[in-house]
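These are the residues of each chain, in order.
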Amino acid sequence: GVSPERVHVVYPGVDAARFAPSGNGTSPVGPTLLSVARLAELYKGHDTLIRVLPLVRARCPGARLRIAGDGPLREYLQRIARSVAVDDAVEFLGEVPDESLPDLYRTSDVLVLPARDSPSQGGAEGFGIVCLEAAACGKPVVVGRSGGLVDAVEDGVTGILVDPEDPAAVAEALIAVLSDQALARRLGQAGRARVLSRFTWQQVSGDARNVFEEAVRR
């Protein structure tokens, strides 16, 4: 019942100086997918990501997946990796310290978060600040068209939004980014530019201040 003109959205921000591109901008160990999320909610889509890895590797030989984060689903996800014979290509990094995140983004080729709407499994992704962190580092992102991810990623500009319930679509998006360096570079550069223009803490804090000041005036 709240009037739309009274609703204002203030997004999270990112430290664009700390999360910044590196010199070479590529993984030293071959095509590398990165997931950064707690292993505690099925809706994050880790299961889908692991299951599509064989499809990705068939077109992008040597592709690997690094999973940063830990939680009660780790053993379950490890079993999935074994069941589709990619356990040697999936690296579970556990909890990664905040200070190590920038280098993790820089040494990966694409951030992946195929999250889905699933109230029975924990809800949906609220925003996906990891998308901004990866974008600030000049990396493309492939995410599910779900929850707040549609605000964090500009489809076809800073990344690719996919149907998270369609494994083939997830795989094709990843293959496209890994096999087309020009596409990956364009998405990454646009992502960095979008962060600098809209999602720095200076910009975000200014947005919040404007909302507070308007509330006080009213």
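Because the structure is a prediction, the values reported are computed rather than measured. (Residues numbered from 1 in each chain as written. Predicted model: local features only at pLDDT ≥ 70, side-chain atom pairs only at ≥ 80, totals over all residues. Heavy atoms only, no water.)

Bringing empty space enclosed by the protein into the picture now. The rolling of a water-molecule-sized probe over the atoms marks out the regions of remaining empty space. A full pass over the atoms with the stated rule returns 1 cavity of 30 Å³ or more. Taken as a whole, the largest cavity spans an internal volume of roughly 50 Å³. What lines the largest cavity is simply C131, L132, A135, V141, A152, V153, T158, G191, R194, V195 and F199. Elements that contribute at least two residues to the lining of the largest cavity include exactly α4 (129-136) and α7 (181-198). The class makeup of the residues in the lining of the largest cavity is 8 nonpolar, 2 polar and 1 charged. (1 Å grid on protein atoms, 1.4 Å probe; cavity = no way out; pocket = protein on both sides within 12 Å on 5 of 7 lines; lining within 4 Å. Points joined across faces, edges and corners; volume = space filled by probe spheres on them. Helix = DSSP H or I, 4+ residues; strand = E, 2+ residues; numbered from the N terminus. Nonpolar A, V, L, I, M, F, W, Y, C, P; charged D, E, K, R; others polar.)

In this section: the pairing of strand β4 (residues 110-113). Residues V110 and V112 point to one face of β4 and L111 and L113 to the other, with burial holding for every one of them. As paired strands, strand β1 (residues 32-36) and β4 are joined by 2 bridges and run parallel to one another. Counted as the bridge partner of L33 is V110 from β4. Where β4 meets strand β5 (residues 141-144), 3 bridges bridge the pair, whose relative direction is parallel. Residue pairing across strands places V112 opposite V142, the latter belonging to β5. (Buried < 20%, exposed > 50% of the residue type's maximum accessible area, 1.4 Å probe, protein only. Pairing = 2+ DSSP bridges.)

The subject of this paragraph is the sheet that holds β5. In space, the 6 strands of this open sheet follow the order β3-β2-β1-β4-β5-β6, with parallel pairing throughout. Because the sheet does not close on itself, it has two edges, and the strands there are β3 (90-94) and β6 (159-162). Neighbour to neighbour, the strand axes of the sheet diverge by 20° on average, direction disregarded. Those strands touched by α4 are β1, β4 and β5, and its axis lies near 170° from that of β4. Across the sheet, helix α6 (residues 167-179) touches β1, β4, β5 and β6, and the angle it forms with β6 is around 170°. (Axes fitted to C-alpha atoms, helices over the stretch in contact; angles between N-to-C directions. Contact = heavy atoms within 4.5 Å.)

By themselves, these figures tell us nothing about what the structure is for.
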